[in-house]
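# Analysis of the macromolecular model
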Amino acid sequence: MAMYRFTVVIEPDEDVFHAYVPALPGCHTFGVTVEEARANIAEAIALHVESMLEDGEPIPIEREPLFITHLSVPVVT
């Protein structure tokens, strides 16, 4: 069994949490709690990668380091 490591973003979305994987476009899910979103995205990643392997697609490798930051941008209104 191969192990893959991906960055996962979990963010609030109205009454639930949205989880997605930037390196795997289309791989996202929701959960009522952060823990549920984490479990759901783990399952979604496994299914997504399995599908890619079955289709002969290369699995993206994330480059290190990955930076996530906040950025304030002035906008003329």
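Before reading on, note that the structure itself is shown above.
Notes on the structure in this doc start here. (Residues numbered from 1 in each chain as written. Predicted model: local features only at pLDDT ≥ 70, side-chain atom pairs only at ≥ 80, totals over all residues. Heavy atoms only, no water.)

### Description of the side chain of T29
Mapped onto the secondary structure, T29 falls in strand β3 (residues 28-31). Once residues lying within four places of it in the same chain are set aside, the contact partners of T29 are F17, H18, A19, A37, N40 and I41. (Helix = DSSP H or I, 4+ residues; strand = E, 2+ residues; numbered from the N terminus. Contact = heavy atoms within 4.5 Å.)

### With respect to helix α1 (residues 34-54)
Between its first and last C-alpha, α1 extends 30 Å over 21 residues, near the 30 Å set by a 1.5 Å rise per residue. Of all the residues in α1, the buried ones are A37, I41, A44, I45, V49 and M52. In an axial view of α1, the angular spread of the buried residues amounts to 130°, which keeps them on one side of the axis. Every exposed residue of α1 that faces more than 90 degrees away from the buried side is listed here: E35 and E54. For α1, the elements touching its buried residues are β1 (9-13), β2 (16-20) and β3. Count one or two residues on from α1 and you reach G56, which has phi positive near 75°. (Expected span 1.5 Å × (residues − 1). Buried < 20%, exposed > 50% of the residue type's maximum accessible area, 1.4 Å probe, protein only. Arc of directions from axis to C-beta.)

### Description of the nonpolar core
Across soluble globular proteins, you tend to see nonpolar side chains buried next to one another. By size, the foremost hydrophobic cluster in this structure holds 12 residues: F6, A19, V21, L24, C27, A37, I41, A44, I45, V49, M52 and I59. A total of six residues in this core trace back to one element, the largest contributor, which is α1. (Core = buried A, V, L, I, M, F, W, Y, C linked by side-chain atoms within 4.5 Å.)

### A word on unusual backbone geometry
In this model, E14 sits at a positive phi of 60°, which is unusual for a non-glycine residue. Examined against the element boundaries, E14 turns out to sit in the loop between β1 and β2.

### A short note on the sheet that holds β1
Spatial ordering of the open sheet is given by β1-β2-β3, a layout of three strands whose pairing is antiparallel. Of all strands in the sheet, those bounded by a partner on one side alone are β1 and β3. With strand direction ignored, the average angle separating the axes of adjacent strands in the sheet is 25°. Relative to β2, β1 runs antiparallel, the two sharing five bridges. Bridge pairing links D13 to V16 in β2. Together, β1, β2 and β3 form the strand contacts of α1, whose direction differs from that of β3 by roughly 150°. (Pairing = 2+ DSSP bridges. Axes fitted to C-alpha atoms, helices over the stretch in contact; angles between N-to-C directions.)

### Comments concerning the packing of aromatic side chains
Within the structure shown, the criterion is met by one aromatic pair. The interplanar angle of 15° and the centroid separation of 6.5 Å between the aromatic rings of Y4 and F6 together place this pair among those described as stacked. Among the residues examined, Y4 registers a relative accessible area of 37% and is labelled partly exposed. (Phe/Tyr/Trp six-rings, centres within 6.5 Å; stacked < 30°, edge-to-face > 60°.)

Worth remembering: the numbers are spatial, not functional.
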